[in-house]
Amino acid sequence: MSQDQETTRKLSEVEHIKAASNYLRGNVAKELAEPTETFSKESVQILKHHGMYQQEDRDRRGKKGPDGKPLSKAYSLMLRVKTPGGQLTCDQFLAELEIADKWAGGTMRITNRQDIQFHWVLKGNVREVIRRINEVQLTTFGACGDVERNVMCCPAPLNTDPVQLANQQLAVRLSNHLLPRTRAYHEIWLTDLETGEKTDCTEVPDSGEAEPLYGRTYLPRKFKTAIARLEDNCVDVYTNDMGFVSIREGDRLLGYNVLVGGGLGVTPSDKDTFPRLADRLTFVKPEEVIGIAEAVIKFQRDFGNREDRKRARLKYVVADWGIERVREKVAEYFGRPLALPLEVEVTGFDDHIGWHEQGDGRWFYGLNVENGRVIDRPDMRLKTALWEVCRRLRPGVRLTPHQSVIFTDIQPADRATLESILRDHGVPLHDEISEVLRWSMSCVALPTCGLAVTESERVLPGIIDQLEGEIAAIGLQKEQFTVRMTGCPNGCGRPYNADIGLVGRTKNKYTIYLGGRLVGDRLGVPYLELVPLEQIVPTLVPVLQLFREYRADGETVGDFCHRVGVDWIREKLGHSKTASPEETAVLEE
Ligand code: SRM
Ligand code: SF4
């Protein structure tokens, strides 16, 4: 697009902020030095690219203190640490636990894109936290913002599988290659640490060299990439802007099917927004991956919507243009015609929980972390247990796309020690948790997420507790199906392709989606709208009873709901399909 065309378009406010930021510097350094609790609204947008969000404690909203005055907002920052493929050393993980204790309210969270998030970091401490993160060779740079986010990859240490090892190396290579090139992050947060020099945020000339891939205004929106194996889609590859599915012949990596156009966020007030699963674009050889990734990103950079952020993800270009036209255009950036993708789709999903031989005589242990929350509670001292495992056994650490943790390289003789450390801290082992808990996932929501309209992380454990009893009573305790919950329709907990999705819609009320499935290649559909929190379990139990009664051989919950359809389920259970006028008004908000 020419400069003239660019300027005649009515760009969104964020585009102007990025353009004026001198490659992501803006006023951040100046505001950081000021004795205030917060950053300006422009800096807040720039800071996202540096991996942080300004937040307030939402539990304080509308509350008054003993003096009768409204409570202050209690601002803090959320910092996201990027870990490509979820791969960490023991010392890096220990450093994260230490940060959680010192600066982040004693807790941290494993995200469903294999990152670590700290909440509650005060502005005055943020520089020190970033320094500590970088000291152990990790970064928050590019973990958020309009750039490539963390590149996901199946974390299982299958050390004798060359395809898996190639994929894991690719995650790191892609992530490094797609990092923004601006020195802003180093200047603002790290310069004097590295060189003893003072922060210097001088104007950078617009030569095109400062950001060869992204340019001055970066991408129109966040951009997400994942690498899956055909036999294991634990990364939920179809929900990403760009996906790579490795295809093998025995132990030999033939190449990758490249997918484009996945994404889940919905803005209910905009009927033109929707969750979407990615389409197959092309097949590339291993050595062509970086080239095709760049081509797809440049395509989105130039054709993604920069006027309306609600419709700015790549998925809308793919939906509006159709995959054939996208293929032709991406080929121009790639420099030659694109081969057609292979006619194959993923077939499995493994969460890697429990003990597994890793192929070199050692073992790995996948530990389910409920909703990724790492914290010590009186009955379960999970944070201390993780600390103790690292300190005593020095394992490698991997974060999973299901918000959990894997300890790698465990000697057979140390397996019992690991289990006893977990037991001693009240942490249930893999075979002591229910299937429904194991496959559940929630987004963060209240009290930190500024976009939450309902609870999620804080209420899903209660729902799972109730469901466990009900499911056992129906005799379905061995079934594997996903229950995923979010506090708003943005879909962070990936509810739209789950067997059962619970999506917060308005205070205390949720839309229930049915018909996705574990392998992640199908979207569910809305079953009932505006179900009050306390009615979720009583609403789901009859559906599960129908499943038990009418399921076909080998059918999963999601497959069953998809086959019979939500209309049939509603009719059987006497639910009305149409929303009342009041409900319609809420749903269109
Ligand atoms: Fe997300 C925004 C948390 C995975 C779609 N997401 C947010 C913010 C930053 C809220 C905000 O913008 O102010 C949330 C921070 C809450 C907090 O207090 O920590 C947030 N998203 C999360 C995490 C932590 C959920 C989790 O519990 O694991 C995940 C962090 C992943 C990471 O490490 O990078 C997270 N978010 C996702 C996913 C799932 C995925 O990527 O696999 C999605 C759906 C896929 C997609 O991108 O479409 C997702 N998050 C969104 C959206 C909707 C985007 C859209 O295209 O409409 C928003 C809102 C936005 O961008 O405006 C959002
Ligand atoms: Fe926040 Fe909504 Fe994402 Fe949950 S789904 S973390 S409530 S933006």
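Note: the structure precedes this text.
Predicted model only: the values in this text are computed from it and were never measured.

**Q** An account of the sheet that holds strand 22 (residues 525–532) is needed here, citing residue identities and associated values.
**A** An order of 18-19-20-21-22 is seen for the five strands of this open sheet, with the pairing classed as mixed. With partners counted over all chains shown, the strands left at the sheet margins are strand 18 (440–442) and strand 22, one partner each. Taking the axes of each pair of neighbouring strands and ignoring which way they run, one obtains an average angle of 20° across the sheet. Across six bridges, strand 20 (residues 500–506) lies against strand 21 (residues 509–514) in antiparallel orientation. Within strand 21, the residue paired with V503 across the bridge is T511. Contacts between helix 15 (residues 460–474) and the sheet are confined to strand 18, strand 19 (483–486) and strand 20, with strand 18 contributing the most and set at about 160° to the helix.

**Q** Hey, could you go over the pairing of strand 19 for me, with residue numbers and the actual values?
**A** Burial along strand 19 is two-sided: the face carrying V483 and M485 and the face carrying R484 and T486 are both buried. Where the polypeptide runs from strand 18 across helix 15 and back to strand 19, its parallel neighbour, the crossover connection is left-handed. For strand 19 and strand 20, the ladder comprises four bridges, and the chain directions are parallel. For M485, the partnering residue across the bridge sits in strand 20 and is L502.

**Q** Hey, could you go over the coordination of the iron atom of ligand 1 for me, with residue numbers and the actual values?
**A** Among protein residues, the single donor to the iron atom of ligand 1 is C492 (SG), with a metal-donor distance of 2.3 Å. In this structure, C492 sits in the loop between strand 19 and strand 20.

**Q** Mind laying out the nonpolar core, listing which residues take part and the relevant values?
**A** Membership of the largest hydrophobic core comes to 102 residues, with the highest contact counts inside it found for F93, F118, L174, W189, F244 and V405. Look past the residues within four positions of V405 in its chain and what remains in contact with it is F93, I110, Y365, G366, L367, V369, L386, V397, R398, L399 and T400. Ranked by size, the runner-up nonpolar core spans 35 residues in total, among them F481, M485, F560 and I569.

**Q** Describe the site of ligand 1, naming the residues involved and giving the relevant values.
**A** Near ligand 1, the surroundings consist of 29 residues, among which R109, D115, L264, C492 and R494 are the closest. Here R113 contributes a side-chain N or O atom positioned 3.0 Å from an oxygen atom of ligand 1. One nitrogen or oxygen atom from the side chain of R494 is found 2.6 Å from an oxygen atom belonging to ligand 1. Elements supplying a minimum of two residues to the shell around ligand 1: strand 1 (52–56), strand 2 (75–81) and strand 5 (116–121).

**Q** Give me the site of ligand 2: which residues, what numbers.
**A** Around ligand 2, the neighbouring residues are C443, V444, A445, C449, L451, A452, T486, G487, C488, N490, G491 and C492. For the shell around ligand 2, the residue count by class is eight nonpolar, four polar and no charged.

**Q** I'd like a rundown of the pattern of salt bridges, residues and numbers included.
**A** Here the structure, examined in full by the defined rule, presents 48 salt bridges. A salt bridge links D320 to R311; the nearest nitrogen and oxygen atoms lie 2.9 Å apart. Where R373 meets E457, a salt bridge forms, and the shortest distance between an N and an O atom there is 2.8 Å. With a gap of 84 residues between them, R373 in strand 13 (residues 373–374) and E457 in the loop between strand 18 and helix 15 connect regions that are remote in the sequence. Residue R373 shares its accessibility class with E457, and that shared class is buried.

**Q** Explain the environment of P155 to me, and be specific about the residues and the numbers.
**A** As for its position among the elements, P155 is in the loop between strand 6 (148–153) and helix 7 (162–177). Measuring from C-alpha to C-alpha, the distance between P155 and Q535 comes to 37 Å, with 380 residues separating the pair along the chain. Sequence-distant contacts of P155, that is, excluding residues within four places in its chain, are made with G85, Q114, Q164, Q168, C234, H352, R398, L399, T400, P401 and I406.

**Q** Give me the lowdown on the sheet that holds strand 1, citing residues and values where you can.
**A** On the basis of which strands lie adjacent, the open sheet formed by five strands has the order 1-2-5-4-13 and antiparallel pairing. Edge positions in the open sheet fall to strand 1 and strand 13, since each of these has one partner strand only. Summarising the sheet, strand 2 and strand 5 pair through four bridges and their orientation is antiparallel. Directly across from L79, in strand 5, lies its bridge partner F118. Strands strand 2, strand 4 (108–110), strand 5 and strand 13 of the sheet are contacted by helix 5 (residues 90–103), whose axis makes an angle of about 20° with strand 5.

**Q** If you had to explain the state of the cysteines to someone new, which residues and values would you point to?
**A** Scanning the model with the defined rule gives zero disulfides in all. Lacking any disulfide linkage, C234 is separated from the closest cysteine sulfur, that of C154, by 3.8 Å. For C234, a relative accessible area of 3% gives the class buried.

**Q** Could you give an account of the environment of S269, naming the residues involved and the relevant values?
**A** Residue placement: S269 occurs in the loop between strand 9 (252–260) and strand 10 (279–284). Remark: the alpha-carbon pair of S269 and V163, spanning 106 residues in sequence, is separated by 44 Å.

**Q** Tell me about the packing of aromatic side chains, residues and numbers included.
**A** In the structure shown here, the tally under the stated rule is 13 aromatic pairs. Ring geometry for F244 against Y256: centres 6.1 Å apart, planes inclined by 85°, an arrangement best described as edge-to-face. Pair noted here: F244 is in strand 8 (residues 242–249) and Y256 is in strand 9, with a separation of 12 residues, a long-range link. Among the aromatic residues, those joined into a ring-pair cluster are F547, Y550, F560 and W568. A cation over an aromatic ring shows up here: K123 above the ring of F39, its NZ or CZ 5.1 Å from the ring centre. One Lys or Arg, R415, reaches over the ring of W355 and ends 4.5 Å from the middle of that ring.

The rules behind each value
- Residues numbered from 1 in each chain as written.
- Chains lettered and ligands numbered in written order.
- Predicted model: local features only at pLDDT ≥ 70, side-chain atom pairs only at ≥ 80, totals over all residues.
- Heavy atoms only, no water.
- Pairing = 2+ DSSP bridges.
- Helix = DSSP H or I, 4+ residues; strand = E, 2+ residues; numbered from the N terminus.
- Axes fitted to C-alpha atoms, helices over the stretch in contact; angles between N-to-C directions.
- Contact = heavy atoms within 4.5 Å.
- Buried < 20%, exposed > 50% of the residue type's maximum accessible area, 1.4 Å probe, protein only.
- Right-handed = clockwise from strand over helix to strand, strands pointing away.
- Donors = N, O, S within 2.8 Å, 3.2 Å for Na, K, Ca; no water.
- Core = buried A, V, L, I, M, F, W, Y, C linked by side-chain atoms within 4.5 Å.
- Near = heavy atom within 4 Å.
- Polar contact = N/O pair within 3.5 Å; in protein donor to acceptor, adjacent residues only side chain to side chain.
- Nonpolar A, V, L, I, M, F, W, Y, C, P; charged D, E, K, R; others polar.
- Salt bridge = Lys/Arg side-chain N within 4 Å of Asp/Glu carboxyl O.
- Disulfide = S-S within 2.5 Å.
- Phe/Tyr/Trp six-rings, centres within 6.5 Å; stacked < 30°, edge-to-face > 60°.
- Lys NZ or Arg CZ within 6 Å of the ring centre and 35° of its normal.

Function cannot be read off these values alone, since they describe shape.
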